[in-house]
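Coordinate inspection notes
Take a look at the letters that make up each chain.
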Amino acid sequence: MNFDVTPDSLRAINADGKHNSKIKLAIIGYRSTNMLAPFLEKSLHTNGISASLYQGQYNQVEHELFNPDSALIAFQPDAIVLLNSLEALRKQWFIDGTKLSENTISHFNKVQEAISSHLPEAILIHENYELDYDGIFNASNEKGFVYQIRKINDKLAEFKPNQILFDKATYLSYLGLKKCRNNGMLNSVDLPYTSNTEAIISWELSRIIGSCFGRFKKCLILDLDNTLWGGIIGDDGLEGIQIGGDGNGLIYSAIQHWALGLKENGILLAICSKNTKKMAEEPFIKHPNMVLSLSDIAVFVANWSNKAENIKYIKETLNIDYNSMVFIDDNPVEREIVQQSFPDVTVPEIPEDLADVPDYLRAMNFFPIYTPSPNEFDRTNFFVQNKARNALNSETISIDDYLKSLNLKAKIAPLTSVNIGRISELSMRSNQFNLRTQRYNVTDLERILKDSNYAVQTVTLEDKFGSYGLIAVVVLKQMDHKSIFIENWFMSCRAIQRGVEEMMLNELVTFCKSIGIDSLIGEYLHSEKNTIVSEHFSRLGFCAIDDNCWELKIDNFILKPTVIELV
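Residues numbered from 1 in each chain as written. Predicted model: local features only at pLDDT ≥ 70, side-chain atom pairs only at ≥ 80, totals over all residues. Heavy atoms only, no water.

Things to note about the overall build of the protein chain
The line we're drawing: Each helix corresponds to a stretch of at least 4 residues labelled H or I by DSSP, and each strand to a stretch of at least 2 residues labelled E; elements are numbered beginning at the N terminus. Only protein chains enter the accessibility calculation, which uses a 1.4 Å probe. A residue is then buried if its area is under 20% of the maximum for its type, exposed if over 50%, and partly exposed in between. Note on definitions: a residue-residue contact is assigned when non-hydrogen atoms from the two residues lie within 4.5 Å. The accessible surface values rely on the Shrake-Rupley method and a 1.4 Å probe; as for residues, cover is taken only from the protein chains in view. Counting rule for charge: Lys and Arg are taken as positive, Asp and Glu as negative, and neither His nor the chain ends is counted. For this purpose, a charge sits on NZ of Lys, CZ of Arg, CG of Asp or CD of Glu.
Across its full length, the protein chain holds 23 helices and 17 strands. The 567 residues of the protein chain split such that 54% are buried. Within the protein chain, contacts between residues separated by at least 24 positions form 73% of all contacts whose residues are at least 6 apart in sequence. A total of about 25500 Å² of accessible surface is found on the protein chain, and carbon and sulfur atoms cover 50% of it. Distance between charge centroids for the protein chain: 3 Å, based on 55 positive and 72 negative side chains.

The structure is reproduced here in structure tokens:
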């Protein structure tokens, strides 16, 4: 995959959208959106999103959002990109002076309130302001423009549900603000950035938007020799490889710190190395400067097989798609083999100069993480525990014996303000076991929490090896006094073939009986990735109403056998 994003490379994309998720996207702003909009549409396509685009009128944000009869409100977008204007802010500074930050944030809060009121289900992606050089007032002077911008940016960075900040200030600083500006176009048509800059911004925005709609990377696969450390462990030995200290060793430590930061935010780490496994593991165990440990690695593959074969094994072990994986290797031959074998795997071209590698990896932002979850599940620990589960499975005679031996325990809980973040995250991540591929952001779930027609049941699972975390959700909507519709049923793939579906259905039927419901209605909507649940309802005893809809009569239901103990 080529990451050299330019206007020409984006214009060349054939956006047929055959395999993409479809969303409705609005772009509005205090500056011209004319250059960014077409670039963003193409960038979204390459990130798996087909966007039906609404482009707001120039500098008409208030009219678009505060007027309930506006074309934007009628469009009902899934996401809104709001572009700001440094020049407009500068003009306001001449008027407001030291009140600039206070007045700007007050106005932004009104914009937020308008979106919450008229477009409660839309996700807002907004920018902060680049730090323009101010030679008159320094950054520590309250009257200074830069001082006021910093106060504004600090407030904009505060997390709020259904809002994501695009850190344009840091991004343009990294690119070089002076090279990004286009003063000629700014003064004539209010286009402040060069076309190259707008193309790069569109690429970054497309990753943010993609992450909101289930398109993000889940696994980082790393080579070892001359990737995580300098030198070759098999030739140079433990004392001869470079990690920490000074010189190149510091660079390899920085790469490991980058990887560890990803792991701590829920990204899976895997090792794929041509090495003897015992020798490859030695630095993780014995080297005093090693940042990563074996416990940070979900899958460790070190052998002399083709790396493409090993990546296939990693994919199958983690049960994720190839397009969820990023492969880092210093060897261009290995990168080419993997890219040709699996075009959907992201394989960046690592800079030849080692000193440039850490900055490159951080700047590429392969793993955008924009929705903090207080109940973040330790995915790496789960896969380490899963090795023990698989070993037990190989020793048992049947699947029933295996499930019984796991001592599975489950807790059923409703949607609450505590688990709302994890439920939203699971709806975004779950693609295979997701019956209607319906995503729920935090605002959606807050609305459901207040609606008496809805009920949500969640499952947290554990076995004798450890916790699976919150792994399944059923969203129920009462249609009338006798029937309930399963608006969605989604589950983490790590809980498949554990008997969770049967246990949940038993609980759903018990719940229906308690409130006098006669029938459960379910719907399966086919997607590119959810074929494994195409027979979900028929397998559980539902009867077909039409091609997609199924019904279960509560009175005729016989409880399903289950080995899961409810606690």
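What follows picks up the thread again.
Details of the sheet that holds strand β10 (residues 409-414)
What links the strands of a sheet is backbone hydrogen bonding, and the strands pair in either a parallel or an antiparallel sense. Put simply, the rule is: Whether two strands pair comes down to DSSP finding at least two bridges between them. Angular values range over 0 to 180 degrees, each being the angle between N-to-C directions of two axes fitted as lines to C-alpha atoms, with helices fitted over their stretch in contact.
Strand order in this open sheet of eight strands is β15-β16-β14-β13-β12-β11-β10-β17, and the pairing throughout is mixed. Of all the strands in the sheet, the pair left with one neighbour each is β15 (543-544) and β17 (565-566). The sheet contact formed by strand β13 (residues 483-491) and strand β14 (residues 519-523) spans four bridges and is parallel. Across the sheet, Ile 484 pairs through a bridge with Leu 520, a residue of β14. Running over the sheet, helix α20 (residues 420-429) touches β11 (454-463), β12 (466-478) and β13 and is turned about 85° from β12.

Digging into the packing of aromatic side chains
Put simply, the rule reads: Two rings from Phe, Tyr or Trp (for Trp, the six-membered ring) form a pair when their centres sit within 6.5 Å of each other. Planes less than 30 degrees apart are called stacked, planes more than 60 degrees apart edge-to-face, and all others tilted. In our convention, an over-ring charge means Lys NZ or Arg CZ found within 6 Å of a ring centre and within 35 degrees of that ring's normal.
Scanning the entire structure with this criterion turns up nine aromatic pairs. Here Phe 166 and Tyr 171 contribute two aromatic rings whose centre-to-centre distance is 5.8 Å and whose plane-to-plane angle is 65°, an arrangement assigned as edge-to-face. Judged by relative accessible area, which is 14%, Tyr 171 ranks as buried. Across the ring face of Phe 75, the terminal group of Lys 24 is positioned such that the distance to the ring centre comes to 4.9 Å. Sitting over the face of the ring of Tyr 322, Lys 315 holds its NZ or CZ atom 5.2 Å from the ring centroid.

Quick look at the pairing of strand β7 (residues 268-274)
Put simply, the rule is: By convention, a crossover is right-handed whenever its connection, traced from the first strand over the helix to the second and viewed with the strands pointing away, goes clockwise.
Across the seven residues that make up β7, a large majority, six, are buried. Direction of pairing for strand β6 (residues 219-222) relative to β7: parallel, over a ladder of four bridges. Residue pairing in the sheet places Ile 221 in a bridge with Ala 270 of β7. The sheet contact formed by β7 and strand β8 (residues 299-303) spans five bridges and is parallel. Residue pairing in the sheet places Ala 270 in a bridge with Val 299 of β8. Following the backbone out of β7, through helix α14 (residues 277-286) and into the adjacent parallel β8, one traces a crossover that is right-handed.

Topic: unusual backbone geometry
Positive phi is not limited to glycine here, since Gln 76 has a value of about 50°. Tracing the backbone through its elements, the reader meets Gln 76 in the loop between α4 (71-75) and β3 (79-83). Its identity is not glycine, yet Asn 226 carries a phi of approximately 60°, on the positive side. Turning to its location among the elements, Asn 226 is positioned in the loop between β6 and α12 (233-240).

Some thoughts on the environment of Lys 22
Checked against the element boundaries, Lys 22 lands in strand β1 (residues 21-29). Lys 22 gets classed as exposed once you look at its relative accessible area, which sits at 65%. With 506 residues separating them in the primary sequence, Lys 22 and Glu 528 have C-alpha atoms 13 Å apart.

Let's talk about the packing of helix α8 (residues 168-175) against helix α11 (residues 195-212)
We count it as follows: To sort the angles, those under 35 degrees are grouped as roughly parallel, those over 145 as roughly antiparallel, those from 65 to 115 as roughly perpendicular, and the leftovers as oblique. Should the near helix be turned anticlockwise from the far one by less than a right angle, the crossing is termed left-handed; should it be turned clockwise, right-handed.
It is at 12 Å that the axes of α8 and α11 come closest, and there the two elements cross at 135°. With respect to their mutual orientation, α8 and α11 come out oblique. As for how α8 packs across α11, the hand of that crossing is right-handed. Here Tyr 171, Leu 172 and Leu 175 of α8 lie close against α11, whose contacting residues are Thr 197, Ile 200, Ile 201 and Glu 204.

Points about the pattern of salt bridges
Close approach of charged atoms allows side chains with opposite charge to pair. Which entries qualify depends on this criterion: A pairing counts as a salt bridge when a side-chain nitrogen of Lys or Arg comes within 4 Å of a carboxyl oxygen of Asp or Glu.
Inspection of every chain in the model, using the stated rule, returns 24 salt bridges. A salt bridge links Lys 274 to Glu 334; the nearest nitrogen and oxygen atoms lie 3.1 Å apart. On the criterion of sequence distance, the pair formed by Lys 274 in strand β7 and Glu 334 in helix α16 (residues 332-341) is long-range, its members being 60 residues apart. A relative accessible area of 31% places Lys 274 in the partly exposed class.

Some thoughts on the packing of α20 against helix α21 (residues 442-450)
Formally: Residues were grouped as follows: Ala, Val, Leu, Ile, Met, Phe, Trp, Tyr, Cys and Pro as nonpolar; Asp, Glu, Lys and Arg as charged; and all remaining residues, including Gly, as polar.
Two elements in contact, α20 and α21, have axes separated by 9 Å at closest approach and are oriented at 125°. Comparing their axes, α21 and α20 come out oblique. The interaxial crossing formed by α20 with α21 has right-handed handedness. In this structure, α20 contributes Ile 420, Ile 423 and Ser 424 to the contact, and α21 contributes Val 442, Leu 445 and Glu 446. Class assignment for the residues of the contact of α20 with α21 results in four nonpolar, one polar and one charged.

Regarding the environment of His 107
Summarising the element assignment, His 107 is placed in helix α6 (residues 100-118). The class of His 107 is partly exposed, set by a relative accessible area of 30%. Counting along the chain gives 45 residues from His 107 to Glu 62, while the straight-line C-alpha distance between them is 9.9 Å. With residues up to four places along the chain from it excluded, the contact list for His 107 reads Tyr 30 and Glu 62.

Here's the deal with the sheet that holds strand β4 (residues 123-127)
Taken together, the five strands give an open sheet; going across it, the order is β2-β1-β3-β4-β5, and neighbouring strands pair in parallel fashion. Either end of the sheet is taken by a strand with one partner, and the two such strands are β2 (49-55) and β5 (163-166). Pairwise comparison of adjacent strand axes, ignoring direction, gives a mean angle of 25° for this sheet. Where β4 lies against β5, four bridges are found, and the strand directions are parallel. When the bridges of β5 are listed, Glu 127 appears paired with Phe 166. Along the sheet, α11 contacts β1, β2, β3, β4 and β5; its crossing angle with β5, the most-contacted strand, is approximately 155°.

Comments concerning the confidence of the model for the protein chain
Applied cut-off: pLDDT is defined as a per-residue confidence score from the predictor, taking values between 0 and 100.
Mean pLDDT over the protein chain: 87, with 90% of residues reaching 70 or higher. Low pLDDT, under 50, characterises residues 15-19; the stretch is placed with eight contacts to residues that sit more than four places away or in other chains. The model gives residues 372-377 a pLDDT under 50, and that stretch makes 15 contacts with residues more than four places away or in other chains.

Thoughts on the environment of Ala 37
For Ala 37, the location among the structural elements is in helix α2 (residues 36-46). C-alpha of Ala 37 to C-alpha of Glu 462: the two residues are 425 residues apart in sequence and 47 Å apart in space. With residues near it in sequence (within four places) discarded, Ala 37 still touches Ile 27, Leu 53 and Gln 55.

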